[in-house]
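Observations on the model geometry
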Amino acid sequence: MNSISAKEINERLTAGETLNIIEVREVAEVKSGRIPSSIHLPLGFLEFRMNELDKKKEYIVVCQSGGRSIQAVKFLDYQGFNVTNMNGGMLAWEGKID
């Protein structure tokens, strides 16, 4: 499974790179803030909304601490998506939030 650190994602975003980030936390968790430009697809709805994603794009998956995003990455990878897990989830995030 591919993984990336929160620090590396923050550095890439700060440098102006456009990243496709999927936020799989629940609605109540996202209210406390999320990575700017991330797509909110709660883990429980991922199976039903994965048709909104493009298999030609690379996605980075984020949750609160890393557990749910690992589940999401395994599921999406099995479905043929190019996905990477952000290690440590939002607990490791030190960048801007919306």
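Structure: above.
Residues numbered from 1 in each chain as written. Predicted model: local features only at pLDDT ≥ 70, side-chain atom pairs only at ≥ 80, totals over all residues. Heavy atoms only, no water.

1. What about the side chain of N85?
Among the secondary structure elements, N85 is positioned in strand β5 (residues 82-87). What N85 contacts, discounting residues up to four positions off in sequence, is M1, N2, S3, I4, V61, G66, S69, I70 and V73. (Helix = DSSP H or I, 4+ residues; strand = E, 2+ residues; numbered from the N terminus. Contact = heavy atoms within 4.5 Å.)

2. Digging into the nonpolar core
Judged by nonpolar contacts, the single largest core of 14 residues is most densely connected at I22, L53, V61, L76, F81 and V83. Listed by contribution, the elements that provide at least two residues to this core are β4 (58-62) and α4 (67-78). The element that contributes the greatest number of residues to this core is α4, accounting for three residues. Every residue in contact with F81, bar those within four places of it in the chain, is listed here: M50, L53, D54, K55, Y59 and L76. Counting residues in each nonpolar core, the second largest holds eleven residues, with I21, I35, V62 and M90 among its members. (Core = buried A, V, L, I, M, F, W, Y, C linked by side-chain atoms within 4.5 Å. Buried < 20%, exposed > 50% of the residue type's maximum accessible area, 1.4 Å probe, protein only.)

Purely spatial values, then, with no claim about function.
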